[in-house]
Amino acid sequence: MELQLGLALPSVPLSKGFDLNSCGYEAKEVLGGFDSILDCNVEKSSEEKKRSFDEAFDVQSVQVPETLPLLVWNQQTEHNYPENSSSSITRSDEEEEEDGIIGWPPIKYQRKKLCHGSLIRDANCWTVGNGESGGGGDGGHSRRSNSTYVKVKMEGVTIARKVDLSLHHSYQTLTHTLVGMFGRCQEDVKAYKLTYQDNDGDWLLAGDVPWGTFIRSVQRLNVLNNGG
Amino acid sequence: YLSNTSTLSTKMAKSFPEEVLEHVFSFITSDSDRNAVSLVCKSWYEIERWCRKRVFVGNCYAVSPRILTRRFPEVRSVEIKGKPHFADFNLVPEGWGGCVYPWISAMAGAYPWLEEIRLKRMVVSDEALELISTSFCNFKVLVLSSCEGFSTDGLASIAANCRELRVLDLRESEVDDLSGHWLSHFPDTWTSLVSLNIACLGSEVSFSALERLVARSPNLRTLRLNRAVSLEKLHNLLCRAPQLVEFGTGAYSSELRPDVFSNLAGAFSGCKQLKGLSGFWDVVPAYLPAIYLTCSGLTSLNLSYATIQSPDLVKLVSQCHNLQRLWVLDYIEDIGLDALAASCKHLQELRVFPSDPYVVDPNVSLTERGLVAVSEGCPKLQSVLYFCRQMSNAALVAIARNRPNLVCFRLCIIEPRAPDYLTLEPLDAGFGAIVEHCKELRRLSLSGLLTDRVFEYIGTRGRKLEMLSIAFAGESDLGLHHVLSGCESLRKLEIRDCPFGDKALLANAAKLETMRSLWMSSCSVSFGACKLLGQKLPRLNVEVIDERGSPDSRPESCPVEKLYIYRTVAGPRVDMPPFVWTIDEDAALRV
């Protein structure tokens, strides 16, 4: 590890062939170059704003702050072996899965537990009304208002996933998707069985109740090997 | 003052022996000052690195354990942060990373005299806890803030093996609660415990074990119990620890019994040094008067789990004339905030949490008026977190004018993109006034209907802003461009559900190297742009987090789900889960 003895602030080392700090670059040049590299996905709203956007860039070169490296590192990466991870701790059963917009309003899960005594899904749902987009461009970023994510674990796999139940209407498509999500061959669907935890906390075999009943009561899913 | 001229530093290096410099440096405690000292000249760098005792790693992937231990061989105290802030709101998928084990493993070898470990949003396994407990004979302080991945078994190792333990603080961590017996693993002798916070634990700990532990911990100043500790037994603990300065109750409910009440009131009044109270789950209002005698001494009150109505809150709060920090639910309502403003002239920090965040219609009468009242009545107010359902530009302007000393302003209007409820306009002007008047503002969270204009105000006026949180705001890349091209002090930027795309990011790419991190989720940044950033800026890790499968399976113009960019000297991660991709210099996609 080397230290740069600097009288002034050390200059930023040039990245390979592309340096945004020196050469007095102008954002417009940068943009011009990028347009050809990328298939720019320009939204309608930003098209309308384009003139003022370009004007902003045309006036003066963008002031880019210099970075101040505290260390000058060499490029050899240090290889850290990943932790031999212990099994992931599943959250307590009281965790409420969110409907609607995930993570909104922004409150930590310990406070969410306070809000409703029961785990009635609909009551815990923050949904966006239709046609509510303010500002430009609906952007299509908010999740659909009835999306329903539940946590899924597969036997033998440490990392849990989440699946959007509203995209499914049958046990078959759900199981197919889950098998695929964990990287297993989807033709081997028969090698797995799906269980779920209902809102009484009981684990049941999926498929015994009608889909509608299942959807209203499922809290989380488990994909097990059908080993018999 | 520190000089940069080489002749002077050479002279100083020759004229002052190392021991003197080291002694001088020992008075320099702030990290930024220490970093500045290390840059003066080579010998100062060497002296400084050998005597640095405390290190703060704001992003565990910005530097590697090996780099840390090589540079600073004599560290006694380490603080490390892992996941990005939005992980608190379920936006970071499980398994993303932030495992502490490699750090503990490296430090076990390098720092046998390590005394303090503080972790935030990291994955801590029982193995890591056990390793901590057996590697550092002088270990004193363990703070696990919003961490997860461990169970009470890990806590048992800490309790059993850390003979010098002073602080065990589990603040808001997720613990796999196997049993309450871990507490019995503390040695039977006197302990050196100063602070014990187990408020996040779900299951019951053995009360007698707790009682005996408290009795043999004469230095205990902070004790925060969990919900499972019943109210009737509380006086037993308080009587054994009258020296407590901060206390967190368990569930604050019981059948109404006069003996329980008088025991409790007596025990509280015996704690003459009490400055902070918390806990208060399931409050039965009739028991609140038991703490009235402590109120005049209280500086910190956390009632954010107390589901009691405004009148009871007012009775309590209006006796706390020395209150500096209040966390409360919106049950306090505007009327309660009026009382707060009248009674608590020393208030510095206010957090108002939503009691019912998922319904559209307000369940309580808490509006912008309450916050305006507090801003008028509390001259020392500097930190605000406020959840409400309506806001106006006029109110924000009033708040800004009343309180130019605000340092942290986080407003969450519960409905995304809600306009000024009086004029139906965007809230640009209101937030603009905040950044205009509050010149010391370091942290800002926006909400409500906002156009690109608010970002122009923030970019130009938010000169000291270090952390900015944006959700459902803006109209185009111009908004993001304003922020990235301004905000000289910006360190952390987190954005969700905004129509920001490639242009602003690419045009201001160098800015990213001056920041700790950038988070963008549900925006319009294309995979192609991510690749370009990753390629051209090797000192950044550009992480694409996408649970839909490899970004290569979609066109490059397709927006990524989530993007986390941070500067690093450690190179690309090697512990990424399958849904995280990073791009190295060859633009090769790494999983």
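Residues numbered from 1 in each chain as written. Chains lettered and ligands numbered in written order. Predicted model: local features only at pLDDT ≥ 70, side-chain atom pairs only at ≥ 80, totals over all residues. Heavy atoms only, no water.

If you check an unreviewed UniProt entry, chain B appears there as F-box domain-containing protein from Escallonia herrerae. Reading the Pathway (unreviewed entry) entry of the UniProt record for chain B gives the comment "Protein modification; protein ubiquitination." According to UniProt, the comment filed for chain B under the heading Subcellular location (unreviewed entry) is "Nucleus". (UniProt positions renumbered as here; feature names shortened; annotations may be inferred.)

In the nomenclature of an unreviewed UniProt entry, chain A is known as Auxin-responsive protein of Escallonia herrerae. Listed in UniProt under the heading Function (unreviewed entry), the comment for chain A reads: "Aux/IAA proteins are short-lived transcriptional factors that function as repressors of early auxin response genes at low auxin concentrations." Per UniProt, chain A carries the Sequence similarities (unreviewed entry) text "Belongs to the Aux/IAA family."

Let us look at the overall build of chain A. A count of helices and strands for chain A gives 6 helices and 7 strands. When each of the 228 residues of chain A is scored for burial, the buried share is 38%. Intrachain contacts of chain A at a sequence separation of at least 6 include 56% that bridge at least 24 residues. Of the roughly 13,000 Å² that chain A leaves accessible, carbon and sulfur atoms contribute 48%. (Helix = DSSP H or I, 4+ residues; strand = E, 2+ residues; numbered from the N terminus. Buried < 20%, exposed > 50% of the residue type's maximum accessible area, 1.4 Å probe, protein only. Contact = heavy atoms within 4.5 Å. Areas by Shrake-Rupley, 256 points an atom, 1.4 Å probe, with all protein chains shown as cover.)

This brings us to the overall build of chain B. Helix and strand counts for chain B stand at 20 helices and 24 strands. Against the globule reference of 25 Å for 591 residues, chain B gives a C-alpha radius of gyration of 26 Å, in line with a compact fold. The principal-axis extent of the C-alpha atoms belonging to chain B is close to 75 × 65 × 55 Å. For chain B, buried positions account for 62% of its 591 residues. At a minimum sequence separation of 6, the contacts of chain B that also span at least 24 residues come to 70%. Surface exposure of chain B reaches about 20,900 Å², of which carbon and sulfur atoms provide 51%. (Rg over C-alpha atoms; globule rule 2.2 N^0.38 Å.)

Omega for the bond connecting Trp-104 of chain A with Pro-105 of chain A falls within 30 degrees of zero, at -5°, which places this linkage in the cis form. Considering the arrangement of structural elements, one finds Pro-105 of chain A in the loop between strand S1 (99-100) and helix H4 (109-115). Despite not being glycine, Leu-424 of chain B shows a phi value in the positive range, around 65°. For Leu-424 of chain B, the position within the fold is in the loop between strand S16 (408-413) and helix H16 (428-437). The exposure class of Leu-424 of chain B is exposed, given its relative accessible area of 61%.

This part takes up the sheet that holds strand S4 (residues 161-164) of chain A. Residue and element names in this part refer to chain A. With mixed pairing, 5 strands are arranged side by side in an open sheet as S4-S3-S7-S5-S6. Strand pairing shows two members of the sheet lacking a second neighbour, S4 and strand S6 (203-205), which therefore form its edges. When strand polarity is set aside, the average angle formed by the axes of neighbouring strands in this sheet is 35°. Inspection of the sheet shows strand S3 (residues 149-154) paired to S4 by 4 bridges, in the antiparallel sense. (Pairing = 2+ DSSP bridges. Axes fitted to C-alpha atoms, helices over the stretch in contact; angles between N-to-C directions.)

Here we come to the packing of aromatic side chains. All told, the structure shown has 21 aromatic pairs over all chains when counted by the stated rule. An aromatic cluster is present here, built from Tyr-61, Phe-86, Phe-89, Trp-96, Trp-519, Tyr-564 and Tyr-566 of chain B joined pairwise through their rings. Positioned above the aromatic ring of Phe-353 of chain B is the side chain of Arg-111 of chain A, whose terminal nitrogen or guanidinium carbon lies 3.7 Å from the ring centre. The residue whose ring lies beneath Arg-573 of chain B is Tyr-61 of chain B, and the NZ or CZ to ring-centre distance is 4.2 Å. (Phe/Tyr/Trp six-rings, centres within 6.5 Å; stacked < 30°, edge-to-face > 60°. Lys NZ or Arg CZ within 6 Å of the ring centre and 35° of its normal.)

On to H16 of chain B. Residue and element names in this part refer to chain B. A large share of H16 lies buried, amounting to 7 of its 10 residues. What H16 keeps buried is the set Asp-428, Gly-430, Phe-431, Gly-432, Ala-433, Ile-434 and Val-435. Structurally, H16 contributes buried residues whose contacts are with helix H15 (393-402), S16, strand S17 (443-445) and helix H17 (452-461).

Residues and elements named next belong to chain B. One way to put it is that H15 packs onto H16 with a least axis distance of 7 Å and a crossing angle of 5°. When the axis of H15 is compared with that of H16, the two are roughly parallel. On the side of H15, the interface is formed by Asn-393, Leu-396, Val-397, Ile-399, Ala-400 and Arg-401, while H16 contributes Asp-428, Ala-429, Gly-430, Phe-431, Ala-433, Ile-434 and His-437. Residue composition of the contact of H15 with H16, by class: 8 nonpolar, 3 polar and 2 charged. (Parallel < 35°, antiparallel > 145°, perpendicular 65-115°, else oblique. Nonpolar A, V, L, I, M, F, W, Y, C, P; charged D, E, K, R; others polar.)

Here we take up the confidence of the model for chain A. Residues and elements named next belong to chain A. Per-residue confidence for chain A gives a mean pLDDT of 55, with 39% of residues at or over 70. The weakest mean pLDDT in chain A belongs to helix H1 (residues 27-37) at 36; the strongest belongs to strand S5 (residues 192-197) at 88. Contacts of residues 116-125 to residues separated by more than four positions or lying in other chains number 25 contacts, the stretch itself having pLDDT below 50. pLDDT under 50 marks residues 127-147. Its contacts with residues more than four places away, or in other chains, come to 38 contacts. (pLDDT = per-residue confidence, 0-100.)

Turning to the pattern of salt bridges, a few remarks are in order. Evaluation of the coordinates by the stated rule reveals 32 salt bridges over all chains. Salt-bridge contacts for Asp-334 of chain B lead to Arg-369 of chain B; the nearest nitrogen and oxygen are separated by 3.9 Å. Here Arg-369 of chain B lies in helix H14 (residues 368-377) and Asp-334 of chain B lies in helix H13 (residues 333-343), a separation of 35 residues in the sequence. Judged by relative accessible area, Arg-369 of chain B falls into the partly exposed class, the value being 49%. Salt-bridge contacts for Glu-561 of chain B lead to Arg-548 of chain B; the nearest nitrogen and oxygen are separated by 3.7 Å. Taken as a pair, Glu-561 of chain B in the loop between strand S21 (540-545) and strand S22 (562-567) and Arg-548 of chain B in the loop between S21 and S22 lie far apart in primary sequence, 13 residues in all. Among the ionic contacts, a cluster of salt bridges with common partners joins Lys-108 of chain A together with Asp-88, Arg-121 and Glu-172 of chain B. (Salt bridge = Lys/Arg side-chain N within 4 Å of Asp/Glu carboxyl O.)

All names here are of chain B. Along the polypeptide, Ser-521 turns up in strand S20 (residues 517-521). Within the local environment of Ser-521, its side chain forms a polar contact with the side chain of Trp-519, the two groups lying 3.0 Å apart. Contacts of Ser-521, omitting those with residues within four sequence positions, involve Leu-91, Ile-495, Arg-496, Asp-497, Glu-561 and Lys-562. (Polar contact = N/O pair within 3.5 Å; in protein donor to acceptor, adjacent residues only side chain to side chain.)

With that out of the way, let us pick up the environment of Phe-182 of chain A. Residues and elements named next belong to chain A. The residue Phe-182 is located in the loop between helix H5 (171-181) and S5 in this model. A relative accessible area of 9% means that Phe-182 is categorised as buried. Along the primary structure Phe-182 and Ala-160 are separated by 22 residues, whereas in three dimensions their C-alpha atoms are 9.2 Å apart. Among all residues touching Phe-182, those that are not within four sequence positions of it are Val-152, Lys-153, Met-154, Val-157, Ile-159 and Arg-161.

Residue and element names in this part refer to chain B. Side chains of strand S23 (residues 580-583) alternate between two faces, with Val-580 and Thr-582 and Trp-581 and Ile-583 buried alike. Looking at chain direction, S21 and S23 are connected through 3 bridges and run antiparallel. Residue pairing across strands places Glu-543 opposite Thr-582, the latter belonging to S23.

Next up on the list: the pairing of S3 of chain A. With 5 of 6 residues buried, S3 of chain A is to be regarded as a mostly interior element. Two successive antiparallel strands, S3 of chain A and S4 of chain A, enclose a turn made up of 6 residues, where Gly-156 of chain A displays a positive phi of approximately 90°.

Turning our attention to a nonpolar patch on the surface. Residue and element names in this part refer to chain B. On the surface, a nonpolar cluster with roughly 230 Å² of combined accessible area is contributed by Phe-16, Val-20 and Val-24. Structurally, the position occupied by Val-24 is in helix H2 (residues 18-25). Val-24 sits in the partly exposed class, given a relative accessible area of 43%. (Patch = residues over 30% accessible without salt bridge, like charges linked within 9 Å, V, L, I, M, F, W, Y side chains within 5 Å.)

Moving on, we come to the nonpolar core. Trp-182, Tyr-252, Leu-326, Phe-409, Leu-444 and Leu-493 of chain B are the most contacted members of the largest nonpolar core, which has 196 residues in total. Residues within four places of Tyr-252 of chain B in sequence aside, it is in contact with Leu-231, Leu-264, Phe-268, Phe-280, Trp-281, Asp-282, Val-283, Val-284, Tyr-287, Leu-288, Ala-290 and Ile-291 of chain B. In this structure, Val-152, Val-179, Phe-182 and Val-223 of chain A belong to the second largest nonpolar core, which totals 20 residues. (Core = buried A, V, L, I, M, F, W, Y, C linked by side-chain atoms within 4.5 Å.)

Residue pairs spaced three or four apart in an α-helix point in one direction, given the helix's 3.6 residues per turn. Residue and element names in this part refer to chain B. The buried fraction of helix H18 (residues 477-485) is high, at 8 of 9 residues. Along H18, the residues that are buried comprise Asp-477, Leu-478, Gly-479, Leu-480, His-481, His-482, Val-483 and Leu-484. Within two residues after H18, Cys-487 carries a phi angle of roughly 40°, on the positive side.

Here the focus is the packing of helix H6 (residues 101-110) of chain B against helix H7 (residues 126-135) of chain B. Residues and elements named next belong to chain B. Direction vectors running N to C along H6 and H7 enclose 15°, while the axes themselves pass 9 Å from each other. Considering the angle they form, H6 stands roughly parallel to H7. Two packed elements cross with a definite hand, and for H6 against H7 that hand is left-handed. From H6, Tyr-101, Ile-104, Ser-105 and Ala-108 reach across to H7, where they touch Glu-127, Ala-128, Leu-131, Ile-132 and Ser-135. (Left-handed = near helix turned anticlockwise from the far one by under 90°.)

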